[in-house]
Amino acid sequence: MIGDWQKALARAQAEAPFLARALGRQPVLAELLTAGEAEAALAWARQAGNGAPSLGAALRRERLGFATALAIGDLAGMFPVERVMQELSALADRSLDAAIAHAIQRRVEGANNEGMIGLALGKHGAHELNYSSDIDPILLFDPETLPRRERDEPGEAAQRYAREVVQMLSENTDEGYVFRVDLRLRPASEVSPLAISTNAALTHYESSALAWERAAFIRARACSGDIGAGAQFLGAIKPFVWRSSLDFGAIDEIRRLTERIRSNYKGPNEVGPGFNLKHGRGGIREVEFFAQTHQLIHGGRDPSLRLRGTRAALDALAAAGRIAKDDADLLGQSYDRLRVVEHRLQMINDRQTHELPAGDALDAVARLDGLPDGATLIADLRQVTDQVARAYDRLLHVGSDSAPVKPADAPLAERLKDLGMAKPEHLAGRIMGWRDGRFQSLRSSAALDAFDAMLPDLLEAFANADDPERAILRWESVLSNASSAINLFRLLEARPGLFDQLMALLTLAPTLAEELGRRPELLDTLIDASALDLPGDVEAIAARMEAGDASRDYERQLDRIRIVTGELRFALGLQLVQGVHDPLDISAALSRTAEAGLQVAHRAAGAEFAQKHGRIHASELVILGLGRLGGGALTHASDLDIIYLFTGQSGSESDGERPLGGTHYYNRLSQRVSAALSVPTAHGALYEIDTRLRPQGAQGPLAVTLDAFAKYQCEAAWTWEHMALTRARVLVGSDSARTQLDTIIADALTQTRDPANLREAVLKMRSEMAQHKPAKGPLDVKLMRGGLVDLEFAVHFLQLREGIALHPDLSKAVEELVSAGHLPSETRKAHDLMTRALVAGRLLAPDLSEEPPKSAASALANACQCETYPALLRSLSEARQCVAAIWMQTFDSNLEINL
């Protein structure tokens, strides 16, 4: 036993310069390690900072002690990798907590950590920190409880604390560093402050969070500061992370992320010098993604899978029958081995590296690991990564639940080969696997007979798809979620037109296909004879949402909004793909649907909220729509830009059992309305809600009085805020409130402006936007120069300069400006063409970075009323030239459109 410790120390001294120096600086610790006193060494490290001149020095000494003790214990075989990661993660918890407390107490003597929250994400959250890892916390604060000086605003105080925390832990001094701190996982990190209020964070995750953030929060936990408040916050966003329906869309999300990682990875694909243990094929990240993908798919329905640790998640997935136990064991053992070698790499020079070095340096890593040379290490790692890569590729490419592929059926394989399908034998085995009881919808003999009858047409449709693999994956999602599909199969066989509609959705419109996979009941929409009719007005749609007894129960009402909205959005998407209606009419119908949902959500949330808090006399919530929502021109991908306002005075109080002051009341109610439309229920989520256009943006309260709004717009608003206000439209409010708010908006928009200053401000804003948000590809009609944004900027400039054409509907504003002689007559044609391309492109060509597949390109051209896709590109070029001419006429500035 002592010999193991001495051998470990000898290897550390010979091969790891950082450890050699650390042992020399800590002779007492070195003696304990020489004697094999493992736990005593850790106890010494925990007290290493005692007597230090400052907290920063104390934390650095404790970190050095742990880095040394854990490394030698690891090399001696006494500390398994799980123990090492747990100890490092616990050290990070303590360090972050101490830094938060120190920052607060420097400003408010004797205060505790209440109101300042540190959330651990990623490996830190999973108790899996690596040897030289940075930490990626999210810092939140509660404005109501955050300790601060009386004159400090909560947001300002929180930012001061956050800056001090980062400096305390990250700064590299003579004592070293504690942990490098990376705060880029916070909501909207490119524009948001270092610390986010809990309300702002909740709104983000309920309305505008990205797919990768879901995966990040699988492993999130409250680790430091106000841990109780952090746990409450994580409980509030649980529906965002864990969706109650089977989420096979997670596979596509992970596939896209993997493709980006692999395409950006510049190192060798085979294990050798330069290979990255984290990002390389078969590396650490792929084991983690394997576990997290299955957790995202099934964790919403199975709480036993909601574990943070990678190995724990793999074991739970095997216990639940989601993956094979052999796969769980193999991946778990591979993960441990990769993490051990990762630690070896990092403990040599205390650098966060994952790349295998070359030559003598590789031999040094191998000897530190107890192997004779680098070649032996390479051979070992190659076997490990090959096993991981095979398992991971099965997850991404075999099927939606990574079930094993059955042996191929020879006649079926021949048929697939004749159709030109790739890997026909593999695919034949996969299709045969659909019949083995895996899908509930195919478990009866009647269902199998109906399926067999339509299978030839199905195979031909897959073969004709631009991306057969993806179309098949979407079809498997439909089979997986459908409880019974006999009637569907028989209808598809009997009605070729219906079959064509379904195949068009699966092959042309990724968004609709994914939605159909999650909600196969939408197939009923295809059967409905009215599926190709545009919906009625806002009142008719709202009545449909409130039909039956749904309005008697709040949760059922939210589900009903989602059901009706989902059916209408799906039907409108089908109409667009089939070319039944003009995309402009579909855009308007999408807006009516959203407006109806917003009104019903407001009524439902208001009634539910009033049960506890009552109502405020002579006061009401008013909701203002902006952007494409205000202009009545949504796409399938649009979020909802809204501003919450209220009438009456902020000091008023509600009359309920638990009364609230006016500002608090309406801010809470606004959150409820946003959540009613954005938080996923059993029927999914609806919209992303964006409230950043409110006065003072994300730093301002969610809802303010009409008087405060009027004062802000007349005295403090920026030019860009008035440009946004040109598309404002009251969506919720009484007639008197609407009239009052319309007057406020008109006063703000018609105030006297200096044309030269206005021109300078508009051009500066567009230039900055072009730098930070360049066009993504040839179909990015919104952001490309000469596109819709340039046209909108010109229109808004003229609206503000002239004080006319103040219609939120941009097409009507264009018409009036044309009539007044401020725009050329062809402007409306250019606007309508680019708007059609935007609306249709969001479904048919969502990846703006590349040309759409042939079939999707043809459908897009048809939707834009062009004969062919090349004809569409020519028409778009002409429209952009029109906008460039408008730009010159309006701003006397040349617009480089690079045709």
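Before reading on, note that the structure itself is shown above.
Attention here is on the structure that accompanies the text. Predicted model only: the values in this text are computed from it and were never measured. (Residues numbered from 1 in each chain as written. Predicted model: local features only at pLDDT ≥ 70, side-chain atom pairs only at ≥ 80, totals over all residues. Heavy atoms only, no water.)

### Focus on the packing of helix α27 (residues 538–545) against helix α29 (residues 583–613)
Where α27 meets α29, the closest approach of the two axes is 8 Å, and the angle between their N-to-C directions is 50°. Taken together, the axis directions place α27 and α29 in an arrangement best described as oblique. The chirality of how α27 crosses α29 is right-handed. Here V538, I541, A542 and M545 of α27 lie close against α29, whose contacting residues are R592, T593, E595, A596, G597, Q599, V600 and R603. For the contact of α27 with α29, the per-class residue count stands at six nonpolar, three polar and three charged. (Axes fitted to C-alpha atoms, helices over the stretch in contact; angles between N-to-C directions. Helix = DSSP H or I, 4+ residues; strand = E, 2+ residues; numbered from the N terminus. Parallel < 35°, antiparallel > 145°, perpendicular 65-115°, else oblique. Left-handed = near helix turned anticlockwise from the far one by under 90°. Contact = heavy atoms within 4.5 Å. Nonpolar A, V, L, I, M, F, W, Y, C, P; charged D, E, K, R; others polar.)

### Brief notes about the nonpolar core
Membership of the largest hydrophobic core comes to 161 residues, with the highest contact counts inside it found for W434, L458, W475, L624 and L741. Core analysis: the next-biggest nonpolar cluster, separate from the first, contains 95 residues, W5, A22, L75 and A92 among them. (Core = buried A, V, L, I, M, F, W, Y, C linked by side-chain atoms within 4.5 Å. Buried < 20%, exposed > 50% of the residue type's maximum accessible area, 1.4 Å probe, protein only.)

### Considering the sheet that holds strand β4 (residues 221–225)
An order of β3-β2-β1-β4 is seen for the four strands of this open sheet, with the pairing classed as mixed. Each edge of the open sheet is held by one strand with a lone partner, namely β3 (195–197) and β4. The sheet shows a mean angle of 35° between the axes of neighbouring strands, direction not considered. When strand β2 (residues 138–141) meets β3, the two strands line up parallel, connected through three bridges. If you follow F141 over to β3, its bridge partner there is S197. Contacts from helix α6 (residues 81–107) reach β1 (116–120) and β4 within the one sheet, and its direction differs from that of β4 by about 45°. (Pairing = 2+ DSSP bridges.)

### Notes on the environment of R759
Looking at the secondary structure, you find R759 in helix α35 (residues 755–772). If we ignore the near neighbours within four places in the chain, the residues touching R759 are F797, F891, D892 and S893. Only 2.7 Å separates the side chain of R759 from the backbone oxygen of F891, close enough to count as a polar contact. (Polar contact = N/O pair within 3.5 Å; in protein donor to acceptor, adjacent residues only side chain to side chain.)

### Some remarks on the pattern of salt bridges
In total, this model carries 40 salt bridges according to the counting rule given. With a shortest N-O distance of 3.6 Å, D152 and R160 are connected by a salt bridge. Among the residues examined, R160 registers a relative accessible area of 24% and is labelled partly exposed. Residues joined by salt bridges that share partners form a network here, namely D74, R337, R344, D369 and D380. (Salt bridge = Lys/Arg side-chain N within 4 Å of Asp/Glu carboxyl O.)

### Digging into the packing of aromatic side chains
Following the criterion strictly, the structure yields five aromatic pairs and no others. Seen from their ring centres, F646 and Y666 are 4.6 Å apart, and the 15° between their planes marks the pair as stacked. With F646 in strand β6 (residues 640–646) and Y666 in helix α31 (residues 662–678), this residue pair connects regions lying 20 residues apart in the sequence. According to the relative accessible area criterion, Y666 is buried, its value standing at 3%. What links up through ring pairs into an aromatic cluster is the set F609, F646, Y665 and Y666. Sitting above the plane of the W887 ring, R785 keeps its charged end 5.9 Å from the centroid. (Phe/Tyr/Trp six-rings, centres within 6.5 Å; stacked < 30°, edge-to-face > 60°. Lys NZ or Arg CZ within 6 Å of the ring centre and 35° of its normal.)

### A few points about the packing of α27 against helix α28 (residues 554–578)
To characterise two packed helices, one gives the angle between the axes of the helices and the distance between these axes. Between α27 and α28, whose axes approach to 8 Å, the crossing angle comes to 130°. In terms of orientation, α27 lies oblique with respect to α28. Across the interface between the two elements, I541, R544 and M545 from α27 touch Q557, R560, I561, V564, T565, E567 and L568 from α28. A class-by-class count of the residues in the contact of α27 with α28 yields five nonpolar, two polar and three charged.

### Here's the deal with the environment of F233
Mapping F233 onto the fold places it in helix α11 (residues 227–236). Residue classification places F233 among the buried residues on the basis of a relative accessible area of 6%. For the pair F233 and A222, spaced 11 residues apart in the sequence, the C-alpha separation amounts to 8.9 Å. Once you skip the residues sitting within four places of it in the chain, F233 turns out to touch L119, L140, T198, A201, L202 and Y205.

### Brief notes about the side chain of S224
The residue S224 is located in strand β4 in this model. Of the polar contacts made by the side chain of S224, one reaches the backbone oxygen of D93; its length is 2.9 Å. Sequence-distant contacts of S224, that is, excluding residues within four places in its chain, are made with D93, L96, D97, I100, M116, I117 and G118.

### As for the side chain of R836
Mapping R836 onto the fold places it in helix α38 (residues 827–844). Judged by relative accessible area, R836 falls into the buried class, the value being 12%. In contact with R836, not counting residues within four places along its chain, are D582, P583, L584, G841, A863, C864 and Q865.

### A short note on unusual backbone geometry
For H127, which is not a glycine, the phi torsion comes out positive at approximately 60°. With respect to the helices and strands, the residue H127 is situated in the loop between α7 (122–125) and β2. One non-glycine residue, A805, lies in positive phi territory at about 55°. Topologically, A805 is positioned in the loop between α36 (788–802) and α37 (810–819).

### A look at helix α40 (residues 869–891)
Helix length check: α40 (23 residues) gives 32 Å between terminal C-alpha atoms against 33 Å at 1.5 Å per residue, within 8%. By the N-cap criterion, in which a side-chain oxygen at the helix start approaches the backbone nitrogen of a residue two or three places on, α40 is capped by T868, the distance to A871 being 3.1 Å. Positive backbone phi, at 55°, marks D892, one or two positions downstream of α40. (Expected span 1.5 Å × (residues − 1).)

### Some thoughts on α37
Residues three or four positions apart in an α-helix share a direction because the helix packs 3.6 residues into each turn. Taken together, the buried positions of α37 are L810, S811, A813, V814 and L817. Axial view of α37: buried residues confined to an arc of 160°, hence all on one face. On its buried face, α37 is in contact with α36 and α38. Two residues or fewer past α37, G821 is found with a positive phi of approximately 85°. (Arc of directions from axis to C-beta.)

Such coordinate-based values are descriptive only and should not be taken to indicate function.
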